[in-house]
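Each chain is listed here by its residues.
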Amino acid sequence: MFNELDPVLSTQVRLAIISVLVKMKKADFNHLMEVTATTQGNLSHQIKKLQEAAYIDVVKTFKGNYPQTVCSLTSKGRKAFEKYVDDIKGY
């Protein structure tokens, strides 16, 4: 019997965000937008979903006059990603 895949991570953009954050301690919005090749609106929505699931922490500050959003992976997010990878291998 297969484990059901985590619906939070079953979206390509969310999985890409988590994958980046597994490798890096934190990443800013522009970097995530570049690596996911998605729009600002979609990236904002996907970040919000990951934050609601407590998979990432989001810190919003200003760099000069520009807003800066920085995301980092939580321990819950890391565990969910590791389980997701293990579940995929089971298929």
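Everything discussed here concerns the structure shown above.
Throughout what follows, the structure given in this document is the object of discussion. Computed from a predicted structure; not experimentally measured.

1. With respect to the nonpolar core
In step 1: Formed by 22 residues in total, the largest nonpolar core has its most connected members in I17, I18, L32, I47, L50, Y55 and I56.
In step 2: Among all residues touching I17, those that are not within four sequence positions of it are L32, T36, L43, Q46, I47 and L50.

2. A few points about helix α3 (residues 40-52)
In step 1: For α3, spanning 13 residues, the distance from its first C-alpha to its last is 18 Å, which sits close to the expected 18 Å at 1.5 Å a residue.
In step 2: Buried within α3 are the following residues: L43, Q46, I47 and L50. Seen from one end, α3 has its buried residues packed into an arc of 100 degrees, which puts them on one side. Seen from the buried face of α3, the exposed residues on the opposite side, beyond 90 degrees, are G41 and E52.
In step 3: Looking at the buried side of α3, the elements it contacts are α1 (12-23), α2 (29-36), β2 (56-63) and β3 (66-73).
In step 4: Note on α3: the residue one or two positions beyond its end, A54, has a positive phi of about 65 degrees.

Criteria and cut-off values
Residue positions are given per chain, counted from 1 along the sequence in the order it is written. Residue-level local features of this predicted model are given only where pLDDT is at least 70; pairs of side-chain atoms are given and counted only at 80 or more, and the full residue set underlies all totals for whole chains, interfaces and linings. To get the side-chain values, take all heavy atoms of the structure and skip hydrogens and water. Nine residue types can take part in a nonpolar core, namely buried Ala, Val, Leu, Ile, Met, Phe, Trp, Tyr and Cys, and a core is a set of them joined through side-chain atoms within 4.5 Å. Only protein chains enter the calculation, and the probe is 1.4 Å; a residue is then buried if its accessible area is under 20% of its type maximum, exposed if over 50%, and partly exposed in between. Residues count as neighbours in contact if any of their non-hydrogen atoms are within 4.5 Å of one another. Per the convention used, a helix needs a DSSP run of H or I reaching at least four residues, while a strand needs a run of E reaching at least two, with both numbered from the N terminus. By this rule, a helix spans an expected 1.5 Å times one less than how many residues it contains. The reported arc concerns the directions from the helix axis to the C-beta atoms and nothing else.

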